[in-house]
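Secondary and tertiary structure notes
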Amino acid sequence: MKKLMAANWKMYKTVAEGAATAAELVGLLDGRLPADREVLVCPSFTMLSAVAPILSKTPGCSAGAQNFYPAGQGAFTGEIAPEQLLDLGCAYALAGHSERRHVLGEGDELVGRKVTFGLGAGLRMILCVGETIEERRAGQVETVLARQLEKGLEGVLGTATAGNLAVAYEPVWAIGTGEVAGPAEILAAHAFVREKLVALLPTEGASVRILYGGSVKPDNAGIIIRLDNVDGVLVGGASLKADSFSQIVLA
Ligand code: 13P
């Protein structure tokens with residue numbers, strides 16, 4: 001599987017800014033993207049229709065959504081359905097990002113429904129997991145990851161494959177803080193996630209990609225991406241500028 005180099009633009013940028021950054025990014029990557037790397041950009045819903053066509057013109061690049069509601073259509077004011085995302089040219093979607101869990105109050109059960117529904121609808125899903133600093137200090141990293149993976153993947157046995165599912169390990173304390181997890185912490189967490197994936201998805205778990213996220217920058221990406229069981233990165237702040245994200249993609 002290709003390494004998945006993913007950008008999460010969170011709630012930043014206007015449509016014009018997003019389109020300009022996407023155009024600059026594909027320009028920087030044109031003819032330079034290694035055959036074993038894939039690029040994904042997850043912008044706000046507002047600019048998906050502008051950004052997705054720019055990315056999909058470049059081989060190995062695609063657009064994804066940061067969230068959706070797990071229903072086909074219906075009376076869900078303010079929500080967006082997977083079908084509507086596919087209609088905009090979205091290939092991927094995130095579920096369970098720490099900001100949705102901790103700022104918007106999403107629980108494991110809703111996250112699990114999103115993963116199941118998204119896969120069923122034809123989106124490739126990235127399930128985000130990760131512990132808070134309090135949980136790490138209390139020695140609960142594996143307990144938290146186990147619970148988030150078990151609940152997040154509860155309904156996907158038989159549907160999830162190495163091609164349509166990825167997991168992003170994003171320790172909450174490393175997100176947006178500049179405090180990147182060290183190689184030993186990343187290795188231990190990813191090894192545990194791999195073990196759980198193999199237990200939960202016996203035929204596919206060994207090859208489902210595991211991404212690391214949390215203060216990935218151009219100067220640490222090269223080390224992180226080469227660690228065992230690191231099959232990609234999910235980048236916030238350093239993905240907002242095409243120049244710095246392209247350096248990460250090529251690291
Ligand atoms: P930062 O790269 O800004 O730490 O954000 C990580 C993240 O939340 C990606 O989803």
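Residues numbered from 1 in each chain as written. Predicted model: local features only at pLDDT ≥ 70, side-chain atom pairs only at ≥ 80, totals over all residues. Heavy atoms only, no water.

**Concerning the overall build of the chain**
- Along its length, the chain carries ten helices and eight strands.
- Each principal axis of the C-alpha distribution contributes one length, and for the chain these read about 45 × 45 × 35 Å.
- By the burial criterion, 52% of the 251 residues in the chain qualify as buried.
- Partitioning the intrachain contacts of the chain with sequence separation of at least 6 by distance along the chain shows that 72% fall at a separation of at least 24.
- Carbon and sulfur atoms make up 54% of the accessible area of the chain, which amounts to about 10,600 Å² in all.
- Of note, the chain has its 22 positive side-chain charges centred 3 Å away from the centre of its 27 negative side-chain charges. (Helix = DSSP H or I, 4+ residues; strand = E, 2+ residues; numbered from the N terminus. Buried < 20%, exposed > 50% of the residue type's maximum accessible area, 1.4 Å probe, protein only. Contact = heavy atoms within 4.5 Å. Areas by Shrake-Rupley, 256 points an atom, 1.4 Å probe, with all protein chains shown as cover. Lys, Arg positive; Asp, Glu negative; His and termini not counted. Charge placed at Lys NZ, Arg CZ, Asp CG, Glu CD.)

**Topic: the nonpolar core**
- If you look at the biggest cluster of nonpolar residues, it comprises 67 residues, and the most contacted ones within it are Val115, Met125, Leu153 and Ile248.
- Each residue touching isoleucine 248, except ones within four places of it in the same chain, is listed here: Met5, Arg37, Val216, Lys217, Pro218, Ala221, Val233, Val235 and Ala238.
- Within the second largest apolar cluster, twelve residues are counted, among which are Leu40, Cys42, Cys128 and Leu234. (Core = buried A, V, L, I, M, F, W, Y, C linked by side-chain atoms within 4.5 Å.)

**Description of the pattern of salt bridges**
- Following the criterion strictly, the structure yields twelve salt bridges and no others.
- By sharing partners, the salt bridges in this structure join Glu38, Arg124 and Arg209 into a single network. (Salt bridge = Lys/Arg side-chain N within 4 Å of Asp/Glu carboxyl O.)

**Some thoughts on the environment of alanine 91**
- Tracing the sequence through the fold places alanine 91 in strand S4 (residues 90-95).
- For the pair alanine 91 and alanine 65, spaced 26 residues apart in sequence, the C-alpha to C-alpha distance is 8.2 Å.
- For alanine 91, the residues in contact, after removing those within four places along its chain, are Ser62, Ala63, Leu123 and Arg124.

**Describing unusual backbone geometry**
- The phi dihedral of lysine 13 is positive, around 85°, even though this residue is not glycine.
- Position of lysine 13 among the secondary structure elements: in the loop between strand S1 (3-8) and helix H1 (15-29).
- Its identity is not glycine, yet serine 215 carries a phi of approximately 60°, on the positive side.
- In this structure, serine 215 sits in the loop between strand S7 (209-213) and helix H9 (218-225).
- The exposure class assigned to serine 215 is buried, which follows from its relative accessible area of 8%.

**Considering the site of the ligand**
- Residues in contact with the ligand amount to 13 residues; listed here are only the nearest, Lys10, His97, Gly176, Ser215 and Gly237.
- Here an oxygen atom of the ligand sits 2.9 Å away from a polar atom, N or O, in the side chain of glutamate 170.
- Glycine 237 is positioned with one of its backbone polar atoms (N or O) 2.8 Å from an oxygen atom of the ligand.
- Here the ligand, which alone exposes 310 Å², has 97% of that area covered by the protein.
- Residue composition of the shell around the ligand, grouped by class: four nonpolar, seven polar and two charged. (Near = heavy atom within 4 Å. Polar contact = N/O pair within 3.5 Å; in protein donor to acceptor, adjacent residues only side chain to side chain. Nonpolar A, V, L, I, M, F, W, Y, C, P; charged D, E, K, R; others polar.)

**With respect to the environment of aspartate 36**
- In this structure, aspartate 36 sits in the loop between H1 and strand S2 (37-42).
- Given a relative accessible area of 42%, aspartate 36 falls into the partly exposed group.
- Those residues in contact with aspartate 36, other than ones at most four positions away along the chain, are Lys2 and Lys3.

**Details of the pairing of strand S3 (residues 61-65)**
- Counting buried residues along S3, five of its five residues qualify, which places the element largely inside the surrounding structure.
- Neither face of S3 is exposed, since Cys61, Ala63 and Ala65 on one face and Ser62 and Gly64 on the opposite face are all buried.
- As defined by bridge partners, S2 adjoins S3 across three bridges and the pair is classed as parallel. Bridging across to S3, valine 39 finds its partner in cysteine 61.
- What joins S2 to S3 is helix H2 (residues 48-56), and the crossover it makes is right-handed. (Pairing = 2+ DSSP bridges. Right-handed = clockwise from strand over helix to strand, strands pointing away.)

**As for the sheet that holds S3**
- Strand order around the closed barrel formed by eight strands is S1-S2-S3-S4-S5-S6-S7-S8, with parallel pairing between neighbours. Along the sheet, successive strands turn relative to each other by an average axial angle of 25°, direction set aside.
- As defined by bridge partners, S4 adjoins strand S5 (residues 124-129) across four bridges and the pair is classed as parallel. Note that in S5 the partner of leucine 94 across the bridge is isoleucine 126. (Axes fitted to C-alpha atoms, helices over the stretch in contact; angles between N-to-C directions.)

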